[in-house]
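Residues per chain, in single letters:
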Amino acid sequence: MVSLRTRLGPAVYMAGGLAVVGAAGYGFVALAGHTLAPADAAALASLYLMVNIIGPGVFSALEQETSRSVSAEAAAGRGIGVVARHAWLLAAALLAVLLVILLAVSPILTDQAFAGQWGLFVAVLVSVVTSAAVYVVRGLLGGTQRFTGYSTTLTAEGLTRILPCIVIAALGTPDSTTYALIFAVGSGFGALMGLFWLRRRPSAQPSVEPTDVAVEPASVRRMARSLSLLVGGTLLMLIVMNVAPIVVTARLSEDAATAAAFASAFVLARIPLFLFAPVQAMLLPSLTRAAAAHDLAAVRARLRVIIMAVLAIGLLGVLASFTVGPWAVQVLFGAEVRLSGVVVGLLGVSTVGLMTGMVLQPGLIALGRHKSVTAGWATGTVALVALLALPGDPIRAGVLAQLVGGALVVVIMLRALSKALRGERQPSVTPAGAGVTTTSG
């Protein structure tokens, strides 16, 4: 019983934290829609999307690189101090680049997306700073396998984003800039909570025996190179995951009801993907340590178990999409058009492909195959964009694009992973940024 609690506890905490931060995001948009004028609510929705693109799109790559490097250092019996310093330095560099870009486009962004409200642009700048902090902290927590602490960063972020906004709405003083700033600083509270956990003695942290394989100390140059590949791959992943309903909606400009139904079905089919999101954070440290020890059998075994779980969860999602998906789209989202079960079901199938890619990605990262991660998502993106432009029915093009794009990602990643697990090496680059001489391809 104790062993089961030890194994499942962190996963439960992670799922709970993710549920809180996800519900807070949806609640934030809903609250704005019910308490603000339509123009202000639309501006806040744009802010919400931008904050969530910048965080997952840029700084989650930093989290993965930090977690990976920490795990490699732990496998060598070293502390996390050097990696932490490198991670904060890289965060500062990314932050500087993003701030310069945002300031350069600020007049257009504020006028077009934020209805001329410069307070919302300031909130975006604040969110970039707080996102940088919380993702570094999560990388350190994930790499040291302190997943309870990791989950508290999610919970703190979600609660501090939505509860003050609810209080303001209840007091009858809603304001778009106030809402935006509260939402932006939520990640900062998450980072503070994570720093508190990092300062605690890790009494329940899993013990890690140092590997006998030589592992070079992490360097900021190696981390930067790996990070650049991961940032590109993550941004491409977001395109594969999210761009189809945008394009379909644009092509169905004269049939808004059908476009809205497809977008709703798309969101519904992605629910298993949302629930599976913590897997990467929990999977990467153990895979990295196994890779650092050249224990490819352990890497293979862990990936096999997780992929089986993906297929099990995905199969349930696909069955639900085919059978009750069209009904759920109408009842839960208020869609006026009833899509066929085939359309919703095939969107569910595409979600299984994306979930598989999310599992294969940490395996490739742990083995130092960063280029393969980027190549997989890049190929999927090219195919997706090309198929979305096909003449004819936009719905058919959207479904086909999702299926083919996700399938290509999986095929390329599986091929690269198979080569890596067979021990094929190329010189000069260390796996997982850990110093073992295999390639980053």
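Just above sits the structure.
To start, this report covers the structure provided alongside it. From a predicted model like this one, the values you see are computed outputs, not experimental measurements.

A few words now on the packing of helix α6 (residues 147–170) against helix α7 (residues 176–199). Where α6 contacts α7, the axes come no closer than 7 Å and their chain directions differ by 150 degrees. Relative to α7, the element α6 is oriented roughly antiparallel. In this structure, α6 meets α7 at a crossing whose hand is right-handed. Listed contacts from α7 to Thr148, Gly149, Thr152, Thr153, Ala156, Glu157, Thr160, Arg161, Pro164, Cys165, Ile168 and Ala169 of α6 are Thr178, Tyr179, Ile182, Phe183, Gly186, Ser187, Phe189, Gly190, Met193, Gly194 and Trp197. The residue inventory of the contact of α6 with α7, partitioned by class, reads eleven nonpolar, ten polar and two charged.

The residue Ala43 is located in helix α2 (residues 38–75) in this model. Each residue touching Ala43, except ones within four places of it in the same chain, is listed here: Ala113, Phe114, Ala115, Gln117 and Leu120.

It is worth spelling out the pattern of salt bridges at this point. Per the stated rule, a full pass over the model turns up three salt bridges. Salt-bridge contacts for Arg68 lead to Glu65; the nearest nitrogen and oxygen are separated by 2.1 Å. Taken together, the residues Arg68 and Glu65, both in helix α2 and three residues apart, mark about one turn of the helix. When its relative accessible area of 0% is taken as the criterion, Arg68 is described as buried. With a relative accessible area of 0%, Glu65 lands in the buried category.

This next bit is on the packing of aromatic side chains. Going through the model one piece at a time under the given rule, you end up with five aromatic pairs. Ring geometry for Phe262 and Phe266: centres 6.4 Å apart, planes at 40 degrees, overall tilted. Residue Phe262 and its partner Phe266 are located together in helix α9 (residues 256–269), separated by four residues, close to a single helical turn. On the accessibility criterion, Phe262 (0% relative accessible area) is buried. Looking at Arg138, its charged tip hangs above the ring of Tyr135, at a distance of 5.5 Å from the centre. The positively charged end of Arg161 is found above the aromatic ring belonging to Phe183, 4.0 Å away from the centroid.

Conventions used here
- Residues numbered from 1 in each chain as written.
- Predicted model: local features only at pLDDT ≥ 70, side-chain atom pairs only at ≥ 80, totals over all residues.
- Heavy atoms only, no water.
- Axes fitted to C-alpha atoms, helices over the stretch in contact; angles between N-to-C directions.
- Helix = DSSP H or I, 4+ residues; strand = E, 2+ residues; numbered from the N terminus.
- Parallel < 35°, antiparallel > 145°, perpendicular 65-115°, else oblique.
- Left-handed = near helix turned anticlockwise from the far one by under 90°.
- Contact = heavy atoms within 4.5 Å.
- Nonpolar A, V, L, I, M, F, W, Y, C, P; charged D, E, K, R; others polar.
- Salt bridge = Lys/Arg side-chain N within 4 Å of Asp/Glu carboxyl O.
- Buried < 20%, exposed > 50% of the residue type's maximum accessible area, 1.4 Å probe, protein only.
- Phe/Tyr/Trp six-rings, centres within 6.5 Å; stacked < 30°, edge-to-face > 60°.
- Lys NZ or Arg CZ within 6 Å of the ring centre and 35° of its normal.

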